[in-house]
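One-letter residues, chain by chain:
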Amino acid sequence: MSASLLRRYPLPVIVLAQLFGTSLWFSVNGVGASLSHSLGLSEADLGHLTLAVQAGFIGGTLLIATTGLADRFHASRIFAVSSLAGALTNAGFVLVADHMTLALTLRLLTGLCLAGIYPLGMKLVIGWTPKHTGAALAWLVGMLTLGTALPHLLRGSTAGLPWEWPLLGATFLALVGGGLILLLGDGPHLPASSGKARLTEGLAALREARFRAVAGGYFGHCWELYALWTLTPFLVAREVERLGASPAWVPWLSFGIIALGLGGCVGGGQLSRRLGSLWVARWALVASGLICLIYPLATWLPPWWLLALLALWGLSVIADSPQFSALAAASAPNERVGSTLAVMNAVGFALTIPAISLTTTLWAQQGVWVVWWLLPGPLLGLWAMRRLPVRKAPSAMETEGRAGRST
């Protein structure tokens, strides 16, 4: 495939590469049941492996933000190198999966590499399609969602084969994604470098009331989101067992439930054009919070009803994410937008660590009731946003300029 052909359709190329690269994120979770059977890993062990990825991503994001790496080097090269390194660490996990210390180390490094894939994808969009940044943001977050679900699809499509195959499949996809971006290159519209970001500047921006309220909503969203994605195979397995169906259905249904978030992101993006980002973010939090509250109380319902409820949860739990990004970009002070968004993202992902640790550790004792530990996320997020006035969503050009500086 020639570079000139790719450059005729830059947005689909970036979106596809983002999907392939982020398949590394939950690659181990996709084979969690197989790892439990083959290596005796517990739900808590799987949770620790997920936590390692989150910790690596947080560290990598802060490294990129505070050193200005994303401005010193071509975004496409950082993306490609990160995809290659992430593919290697993901493949290396296959060799050391039964040695927990080494396995955790490699998952930490995978998270570090993901910090060069997910945020840089946004910068590439700015460089190639600046007039469509608002819509592209929803697609990029949607691809993160689909990339999260992809390992479950790989596991389902390789049922009966060793658990190593889906992991190697994710490795191959990451290599393809990195290659596509390397051929595509940086776009002609990248913004000028904003210099090195400073954590003190990002923290100082929290004195701004509107930004503080938006950040509070985002933090609550993060507490719920990744913990739910981690719990999804456990919740699905419970209903599959109640149905008396084959365990082979677990990865397929898990993929479907998480992948529905793509529709939530894109649909929320369309709604935000008419109703505003704040309206979408607020009602998505309300919807996911209500499902979180109801779910343990509805365990007496037939399994298909609970699977449908999980599907609605998967649709709503991520729909607010692009809108929080747009609101934060519009609320951050112009002179500190890069550092403030870097700090907000880092804090948000840091909150995923205790949420995942708590729920996976308590799953064996509490079962489905463990989802109530996610409920503080939507509740506190809505409380933080309670005084935000609904106003017109930021224009595409406003979001475009600010988002470009955020990376």
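None of the values given here were measured: they were computed from a predicted structure.

Q: Which residues make up the overall build of the chain, and what values go with them?
A: Secondary structure summary: the chain contains 20 helices and 0 strands in total. Evaluated residue by residue, the chain yields a buried proportion of 59% over its 407 residues. Long-range pairs, those at least 24 residues apart, make up 85% of the contacts in the chain between residues at least 6 apart in sequence. Total accessible area computed for the chain in this model is approximately 16,200 Å², and 68% of it derives from carbon and sulfur atoms.

Q: So, the pattern of salt bridges: which residues are in play, and what are the values?
A: What the rule picks out here adds up to 2 salt bridges. Note that glutamate 239 and arginine 238 form a salt bridge whose closest N and O atoms lie 2.5 Å from each other. The residue arginine 242 makes a salt bridge to glutamate 239 at a minimum N-O spacing of 2.6 Å. Taken together, the residues span about one helical turn, with arginine 242 and glutamate 239 both in helix 13 (residues 209–243) at a distance of 3 residues. Arginine 242 sits in the partly exposed class, given a relative accessible area of 36%. On the accessibility criterion, glutamate 239 (0% relative accessible area) is buried. Where salt bridges share partners, they join Arg238, Glu239 and Arg242 into one cluster.

Q: Hey, could you go over helix 19 (residues 376–384) for me, with residue numbers and the actual values?
A: For helix 19, the full list of buried residues reads Gly377, Pro378 and Gly381. Buried residues of helix 19, seen end-on, are gathered within an arc of 90 degrees and therefore sit on one face of the element. Among the exposed residues of helix 19, those pointing more than 90 degrees away from its buried face are Leu379, Leu380 and Trp383. Of the surrounding secondary structure, the elements contacted by the buried residues of helix 19 are helix 13 and helix 15 (277–294).

Q: Any details on the packing of aromatic side chains? Residues and values, ideally.
A: To describe a pair of aromatic rings, you give the distance between the ring centres and the angle between the ring planes. One pass over the structure, following the stated rule, counts 16 aromatic pairs. With a centroid separation of 5.9 Å and an interplanar angle of 25 degrees, the aromatic rings of tryptophan 25 and phenylalanine 349 are classed as stacked. Of this pair, tryptophan 25 sits in the loop between helix 2 (10–22) and helix 3 (27–30) while phenylalanine 349 sits in helix 18 (residues 337–366), and the two are 324 residues apart along the sequence. Residue class for tryptophan 25 comes out buried when judged on its relative accessible area of 1%. Joined through ring pairs, the aromatic side chains of Trp25, Phe26, Phe57, Tyr118, Tyr226, Trp229 and Phe349 make up one cluster. Directly above the aromatic system of tryptophan 383 lies the positively charged group of arginine 386, at a separation of 4.0 Å from the ring centroid.

Parameters at a glance
Residues numbered from 1 in each chain as written. Predicted model: local features only at pLDDT ≥ 70, side-chain atom pairs only at ≥ 80, totals over all residues. Heavy atoms only, no water. Helix = DSSP H or I, 4+ residues; strand = E, 2+ residues; numbered from the N terminus. Buried < 20%, exposed > 50% of the residue type's maximum accessible area, 1.4 Å probe, protein only. Contact = heavy atoms within 4.5 Å. Areas by Shrake-Rupley, 256 points an atom, 1.4 Å probe, with all protein chains shown as cover. Salt bridge = Lys/Arg side-chain N within 4 Å of Asp/Glu carboxyl O. Arc of directions from axis to C-beta. Phe/Tyr/Trp six-rings, centres within 6.5 Å; stacked < 30°, edge-to-face > 60°. Lys NZ or Arg CZ within 6 Å of the ring centre and 35° of its normal.

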